[in-house]
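Structure at a glance
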Amino acid sequence: MKCLIIAAGKGRRLQKQGQSKPLIPLFGIALIERTILSAMEAGADEFYVVTGHQHERVASFLSRLAKRLNVPVHTVFNARWQNTDNGISVLSAAEYLHEPFLLLMTDHVFDPAIARDLIHAASTNDGLTLAVDSGLDNPLVDLDDVTRVNVEDEKIAAIGKGLMAFNAYDTGIFMSTPSLFDALKQASRKTDNAGLSSGVQLLAAQGAAHTFDINGRFWIDVDDPVAFWRAENALLTRFQQQPDDVPA
């Protein structure tokens with residue numbers, strides 16, 4: 001199974017941890033490597049990583065990682081990364097993905113079982129399936145930054161950061177068909193800076209945006225120093241409970 005990972009942003013809020021967000025180490029393992037390892041555990045065996053900021057450095061790391069893990073890792077450069085949203089980064093890989101694929105964010109750390117079960121749950125769905133967290137009291141979620149989702153009958157009714165009526169959070173873990181690219185192309189005709197949520201909302205309007213509730217499993221968006229600290233503490237707790245979660 002192919003996996004698309006978005007890793008183009010600068011990660012301005014994490015600059016103290018490192019100049020390239022994908023390469024920032026969390027307990028000695030770069031964020032992008034953690035994402036790839038989790039996806040491999042879920043069943044992915046070929047990767048496309050969309051880069052932008054410090055492309056050469058990230059691409060060099062991924063080339064070495066591919067050899068070390070013995071897995072194909074292709075880099076796709078988004079030349080417009082500085083002035084476009086993540087939807088354009090997703091579109092950058094459209095020519096390489098012609099079958100259902102796993103879509104992940106480089107700065108989201110999660111229990112690999114979420115992606116594994118999502119792949120299974122989405123196997124008969126059209127459009128896309130988003131892993132959502134209905135635990136609105138999740139202490140690892142940044143309420144001011146998280147993308148919110150309103151779920152109705154296991155489908156996305158609405159999605160967005162400023163959503164007022166919502167009952168779940170977007171974990172950034174998707175299983176999608178190439179129809180997402182068509183939706184993003186449609187969204188980009190309205191604005192040059194189409195976000196991923198814009199394409200998802202268009203699929204939702206067609207009844208083709210499904211959801212999979214993660215049922216309280218671990219995930220965190222590591223996009224600022226507070227989230228980084230929370231991620232460290234959460235992984236330490238998981239390590240104490242399950243020693244294999246955090247490599248020595």
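Bear in mind that the values here come from a model prediction, so they are computed numbers and not experimental data. (Residues numbered from 1 in each chain as written. Predicted model: local features only at pLDDT ≥ 70, side-chain atom pairs only at ≥ 80, totals over all residues. Heavy atoms only, no water.)

As for the pattern of salt bridges
Pairing between side chains of opposite charge can happen when their charged atoms approach one another. Counted according to the given criterion, the structure contains eight salt bridges. A salt bridge links Asp223 to Arg13; the shortest N-O distance between them is 3.1 Å. Of this pair, Asp223 sits in the loop between strand 13 (219-221) and helix 7 (225-241) while Arg13 sits in the loop between strand 1 (2-7) and strand 2 (25-26), and the two are 210 residues apart along the sequence. Residue classification places Asp223 among the buried residues on the basis of a relative accessible area of 5%. A residue is classified by how much of its surface remains accessible, and Arg13, at 36% relative accessible area, is partly exposed. Of the charged contacts in the structure, one is a salt bridge between Arg68 and Glu33, with a shortest N-O distance of 3.0 Å. Residue Arg68 is located in helix 2 (residues 55-69), and its partner Glu33 is located in helix 1 (residues 31-42); the two are separated by 35 residues in the primary sequence. Judged by relative accessible area, which is 52%, Arg68 ranks as exposed. Each of the salt bridges in this network shares a partner with another, and the network as a whole consists of Arg13, Asp145, Lys161 and Asp223. (Salt bridge = Lys/Arg side-chain N within 4 Å of Asp/Glu carboxyl O. Helix = DSSP H or I, 4+ residues; strand = E, 2+ residues; numbered from the N terminus. Buried < 20%, exposed > 50% of the residue type's maximum accessible area, 1.4 Å probe, protein only.)

Considerations on unusual backbone geometry
The phi dihedral of Phe27 falls on the positive side, at around 55 degrees, and the residue is not glycine. Here Phe27 is to be found in the loop between strand 2 and strand 3 (29-30). For Phe27, a relative accessible area of 32% translates into the label partly exposed. Its identity is not glycine, yet Asn70 carries a phi of approximately 55 degrees, on the positive side.

Honestly, it's all geometry; don't read function into it.
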